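So the chains spell out like this:
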Amino acid sequence: MAPLVEHIIDEFGLRREPGKCVEELQMPLDEDKGTALHRIIRADGLGVVAYAGDDRGDLPPFRVALDSGGYALVVDGPDAAEEVASVAGVHFSGPGEFQQWLGQLDDALG
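Residues numbered from 1 in each chain as written. Predicted model: local features only at pLDDT ≥ 70, side-chain atom pairs only at ≥ 80, totals over all residues. Heavy atoms only, no water.

Among the five residues that make up strand 4 (residues 71-75), four are buried, leaving the element largely enclosed by the rest of the structure. Of the pairings in the sheet, the one linking strand 3 (residues 50-53) to strand 4 comprises four bridges and is parallel in character. Among the inter-strand pairings, Ala52 is bridged to a residue of strand 4, identified as Leu73. Crossover strand 3 to strand 4 through helix 3 (residues 59-67) is right-handed. Across three bridges, the pairing between strand 4 and strand 5 (residues 90-92) is parallel. Each residue of the ladder has a partner; that of Val75, found in strand 5, is Phe92. (Buried < 20%, exposed > 50% of the residue type's maximum accessible area, 1.4 Å probe, protein only. Helix = DSSP H or I, 4+ residues; strand = E, 2+ residues; numbered from the N terminus. Pairing = 2+ DSSP bridges. Right-handed = clockwise from strand over helix to strand, strands pointing away.)

Next comes the structure, spelled out in structure tokens:
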């Protein structure tokens, strides 16, 4: 990691979250995509939830979706992290296949 990034992490108390092709610097809060999704489910009284993602940062909302009886839609790829590839859910071979599936879903609902 670059010395400037380490300095910024130390100076501002950020958390480093390795992602797919990125290094995310996050505020030191007990908030993530999973807590946000849980809040949305509660606030809106959602009965069925599906969450799509492809990175380590998507692990918490995958868990929330599955724990709520919903679906984890995992967009796999050659650089998918092992933790993401092992999520129980519906797996797509990449963004193209996921996009095609969304088109089919739109047609079925239209």
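Before going further, it helps to spend a moment on the sheet that holds strand 3. Pairing is parallel in the open sheet, where three strands are placed in the order 3-4-5. With partners counted over all chains shown, the strands left at the sheet margins are strand 3 and strand 5, one partner each. Ignoring strand direction, the axes of neighbouring strands in this sheet form an average angle of 20°. (Axes fitted to C-alpha atoms, helices over the stretch in contact; angles between N-to-C directions.)

Relative to the helices and strands, Ala50 resides in strand 3. A C-alpha to C-alpha distance of 17 Å links Ala50 and Ser86, two positions 36 residues apart in sequence. Those residues in contact with Ala50 that lie beyond four places of it in its chain are Tyr71 and Leu73. (Contact = heavy atoms within 4.5 Å.)

Core analysis: the largest hydrophobic core is formed by 13 residues, its most contacted members being Leu37, Phe62, Val84 and Val87. For this core, the secondary-structure elements that each account for two or more residues are helix 2 (33-44), helix 3 and strand 4. For this core, the element with the highest residue contribution is helix 3, accounting for four residues. With near-sequence residues (within four places) excluded, Val84 lies in contact with Asp54, Asp55, Arg56, Leu59, Phe62, Val74 and His91. (Core = buried A, V, L, I, M, F, W, Y, C linked by side-chain atoms within 4.5 Å.)

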